[in-house]
Amino acid sequence: MKPEVRLDLHRRTLDALNGTRPEGRAAPGEVPVDRYLDGDRTERELALLRHRPQPVAASSELPAAGAWLARDRLGIPLLLVRQEDGAVHAFLNVCRHRGARLLEEGGGDSARAFVCPYHAWTYRLDGTLKGLPQAFGFPCLNKAESGLRRLAARERAGLIWVIGDPDLADSDIDIHLDPLMDELEALDLSTPVAYAPRHYEVAANWKLLVDGSLEAYHFKVAHRDTIAHLFTDNLQIIDEAGLNRRLYLVKSNLDPANPPDADRFEPRRHGNILYFFFPNTTVLVQPDHAQFSTLEPLGPGRTRVHEITLLPAAPDSDKAERYWQANVDLYRRTLAEDYSLSESIQKGLSSGANRVLTFGTFEYSAPRFHRQLEAQLGAPDGVP
Ligand code: FES
Ligand SMILES: [Fe+2]
């Protein structure tokens, strides 16, 4: 973290502890409930997500040249392959002959080529078409143009980020992530090891899950049995960088009666840093590791959550394993509290009780997220 950012965070943290609310003159907000219920809107949101970088795997899942992963995300069949030069390439996992799926979901360590299960068209690791049986039957085939469709891909913070639309293969992924991604990587997280990847479904709209990650008003109540005691009540210091955000959650270990001076202020020890990469990904930075989570909408009332814990090094003893697993368990228990509330909200949305959901001043970041999402859905940059 840059010294000036750390100093600014220190100053605003002390101001907040002295009673100056960090959200200043933020206005309360409202979000219409139909935005969480409308299937057409979900389709437009999915189209937007396919235009923005999505973290689809951990770098450490592709350890060496020839390693590959086939998985679907946002309804897109993806193939990720580590190349000889160390770079990861992403392709659509779809044969260029008659469109069969090239590889079933899964992965491997040492592929030499990929052979389509339908008629055995064969592709090299770099996606180019190597050959096909009885090629005389395709007198007009341009082999150079018949490789797998490539997608924009980039490794940042130990994750592989992919833009799912092949027409955006030349996009600059960093533009969507920096400067906050630079800051995140500088926190000992440039080459983390993926630990305990997990995937599960929640019966709620993905934006309800986002709403819960953009305010700390609920901590003291919803998280009373897990993490509430670790944090100062209802306090977040939020900075925006483009559509992304850094949310600083001040810990209760920071004594307001005897606060650290600027030299002794350690952002990772005195708080949790939550990076929010618009619109569906968070990285929660804790003192010695980070928790990454991304949301995949499956429908207006259903979301698949993908989580990975990012460690500075692989656990090398039973004790280390138990320590990290305890951290994962606490994170999971805490999010289970959030997600069960999201499910209860989803069930009541169409009851007629509320035409809009209401957000207070200190919850301003959530309705602001919805306004930004609306603007992006209506943007003339090719997004429907
Ligand atoms: S569809 Fe792949 S070889 Fe025919
Ligand atoms: Fe929460």
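Residues numbered from 1 in each chain as written. Chains lettered and ligands numbered in written order. Predicted model: local features only at pLDDT ≥ 70, side-chain atom pairs only at ≥ 80, totals over all residues.

## Notes on the overall build of the protein
Scanning the protein from N- to C-terminus turns up 9 helices and 20 strands. On C-alpha atoms alone, the protein measures out to a radius of gyration of 23 Å, which is about the 21 Å that the 2.2 N^0.38 rule sets for 384 residues. Principal axes of the C-alpha set define a box for the protein whose edges measure 80 × 55 × 35 Å. Every one of the 384 residues in the protein was classed for burial, and the buried ones make up 36%. (Helix = DSSP H or I, 4+ residues; strand = E, 2+ residues; numbered from the N terminus. Rg over C-alpha atoms; globule rule 2.2 N^0.38 Å. Buried ≥ 20, exposed ≤ 12 C-beta atoms within 10 Å, placed from the backbone.)

## Section: the confidence of the model for the protein
Averaged over all residues, the pLDDT of the protein is 95; the fraction at 70 or higher stands at 98%. Scored below 50 in pLDDT, residues 380-384 makes 8 contacts in the model with residues more than four places away or belonging to other chains. (pLDDT = per-residue confidence, 0-100. Contact = placed C-beta atoms within 7 Å.)

## Regarding the sheet that holds strand E9 (residues 129-131)
Spatial strand order, E7-E8-E9: 3 strands in an open sheet with antiparallel pairing. The sheet terminates laterally at strand E7 (113-115) and E9, the two strands that pair on one side only. Recorded for the sheet is a direction-independent mean angle of 35° between the axes of neighbouring strands. Looking at chain direction, strand E8 (residues 122-124) and E9 are connected through 2 bridges and run antiparallel. In the strand pairing of E9, tyrosine 123 is matched with leucine 129. (Pairing = 2+ DSSP bridges. Axes fitted to C-alpha atoms, helices over the stretch in contact; angles between N-to-C directions.)

## Quick word on helix H5 (residues 206-213)
Counting buried positions along H5 yields 8 of 8 residues, so the element is predominantly enclosed. Every buried residue of H5 is listed here: Trp206, Lys207, Leu208, Leu209, Val210, Asp211, Gly212 and Ser213.

## Some points on the domain arrangement of the protein
Parsing the protein into structural domains produces domain 1 (3-51 + 193-377) and domain 2 (55-151). Between domain 1 and domain 2, the C-alpha centre-to-centre distance is 36 Å. On the side of domain 2, 7 residues touch domain 1, which itself brings 11 residues to the contact. Broken down by secondary-structure element, the contributors of at least two residues to the side of domain 1 that touches domain 2 are helix H2 (39-49), strand E13 (193-202) and strand E18 (290-299). (Domains from an automatic or database assignment.)

## A look at the sheet that holds strand E11 (residues 153-156)
The strand order across the open sheet built from 3 strands is E2-E12-E11, with neighbouring strands paired in antiparallel fashion. Taken across any chain shown, the strands that pair with only one partner, and hence form the sheet edges, are strand E2 (54-58) and E11. Across the sheet, the mean angle from the axis of one strand to that of its neighbour is 35°, orientation sign disregarded. Taken together, the 4 bridges between E11 and strand E12 (residues 159-162) define a ladder with antiparallel strand orientation. Counted as the bridge partner of arginine 154 is tryptophan 161 from E12.

## Section: unusual backbone geometry
The omega torsion of the bond from aspartate 178 to proline 179 falls at 5°, within 30 degrees of zero and hence cis. When you line up the elements, proline 179 lands in the loop between helix H3 (173-177) and helix H4 (180-185). Backbone geometry places alanine 120, a non-glycine residue, at a positive phi of 70°. If you trace the backbone, alanine 120 turns up in the loop between E7 and E8. By the C-beta count within 10 Å, which is 13 here, alanine 120 ends up partly exposed.

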